[in-house]
Amino acid sequence: QDLDSSAVTTVTGSTLTTNTANFTAANDTVGVDVAGQISVGSVAAGLALVYHGLDNKTGAYVYGTEINALDKAVGVAVGLDAESRAKIFSVGAGVSATTETLALNGDFAINRGSNTTEAIVDQDAAEKRSKIQSAKNVNVTAKDNTVMVAIAGGVTAGSGSAVGGAVALSDIGGFSAKGEKSSQNITAHIDNTDITSYTPAETVSDKTVAINTAAED
């Protein structure tokens, strides 16, 4: 099973006047696959295979946009938050049994995928710079909390020969459902953006101005 999932928030070429601007993208893709087999006979042979291919993109983007404070003495708080919370579970199990000659059993559970999580403030395609005027806080965060679990197991029994094998594999970044997109990227950055801090009123006790970027895996 291939899962191609995107959760994207984009603002381009806009002018916003507010005291709080939050742009959030959250990807909660869930994939569960279970495969099983039972084989009985003089020659018992069975195979269970579970496969998940993931191409996942989560992004919060601001391009070529001007954000102004509604009240310059209060300042504007800007937040971009992109978080991947995808959960992929693959379980393969099998039983092969014989009272005579040969019992064979193979079980495979494979997860592979590509995951991109981005939070970006930048210029637009026409190279118009972004601007944040009278900024109090600017927080740009990308988080990848993807969970991939693969479980494989089998039981092989016989009075003759009994052969069994199980393989479980999870890999994000090394493989992809689409080979050319094989990667894992977590990006949080501010580029080509003019930021001016606010001038707090005398009555404001907290005059801190904070600009933060963070990429977390």
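Our structure is the block above this text.
Residues numbered from 1 in each chain as written. Predicted model: local features only at pLDDT ≥ 70, side-chain atom pairs only at ≥ 80, totals over all residues. Heavy atoms only, no water.

**Digging into the environment of Thr 9**
Note the threshold: Under the scheme used here, helices are H or I runs from DSSP no shorter than 4 residues and strands are E runs no shorter than 2 residues, and both carry numbers assigned from the N terminus. Only protein chains enter the calculation, and the probe is 1.4 Å; a residue is then buried if its accessible area is under 20% of its type maximum, exposed if over 50%, and partly exposed in between. Two residues form a contact once any of their heavy atoms are found within 4.5 Å. Side-chain atoms alone can form a polar contact between residues adjacent in sequence; in general such a contact is a pair of N or O atoms within 3.5 Å, and within protein one must be able to donate a hydrogen while the other accepts it.
Within the fold, Thr 9 resides in strand β1 (residues 2-12). Overall, Thr 9 belongs to the partly exposed group, its relative accessible area being 23%. Put simply, Thr 9 and Tyr 61 are 52 residues apart on the chain and 6.2 Å apart in space, counted from C-alpha to C-alpha. Filtering out sequence-adjacent residues up to four positions away, Thr 9 remains in contact with Phe 23, Thr 24, Ala 25, Gly 59, Ala 60 and Tyr 61. Looking at Thr 9, its side chain comes within polar contact range of the main-chain oxygen of Thr 24, at 2.8 Å.

**Overview of the pattern of salt bridges**
When charged atoms on two side chains of opposite charge get close, those side chains can pair. The following threshold applies: In what follows, salt bridge is the name for a side-chain nitrogen of Lys or Arg lying within 4 Å of a carboxyl oxygen of Asp or Glu.
Throughout the structure, instances matching the rule amount to three salt bridges. A salt bridge links Asp 28 to Arg 85, with the nearest nitrogen and oxygen atoms 2.7 Å apart. Linking Asp 28 in the loop between β3 (20-27) and β4 (30-40) with Arg 85 in the loop between β7 (76-84) and β8 (87-98), this pair joins segments that are 57 residues apart in sequence. The shortest N-O distance in the salt bridge between Arg 85 and Glu 83 comes to 3.2 Å. Overall, Arg 85 belongs to the partly exposed group, its relative accessible area being 29%. Taken together, the salt bridges that share partners define one network made up of Asp 28, Glu 83 and Arg 85.

**As for the packing of aromatic side chains**
To be explicit about the condition: Stacked, tilted and edge-to-face are the three classes applied to pairs of Phe, Tyr and Trp rings, where Trp contributes its six-membered ring and a pair requires centres within 6.5 Å; stacked means planes under 30 degrees apart, edge-to-face means over 60, and tilted covers the rest.
Counting across every chain of the model gives one aromatic pair. Between the aromatic rings of Tyr 61 and Tyr 63, the centroid separation amounts to 5.7 Å while the plane-to-plane angle is 20°, which identifies the pairing as stacked. On the accessibility criterion, Tyr 61 (6% relative accessible area) is buried.

**Digging into unusual backbone geometry**
With glycine set apart, most residues show a phi of negative sign, and most peptide bonds adopt trans. Positive phi outside glycine occurs at Glu 127, with the angle close to 65°. Tracing the backbone shows Glu 127 in the loop between β9 (102-122) and β10 (130-144). Despite not being glycine, Ser 134 shows a phi value in the positive range, around 55°. Mapped onto the fold, Ser 134 is located in strand β10. Using a relative accessible area of 11% as the deciding quantity, one classes Ser 134 as buried.

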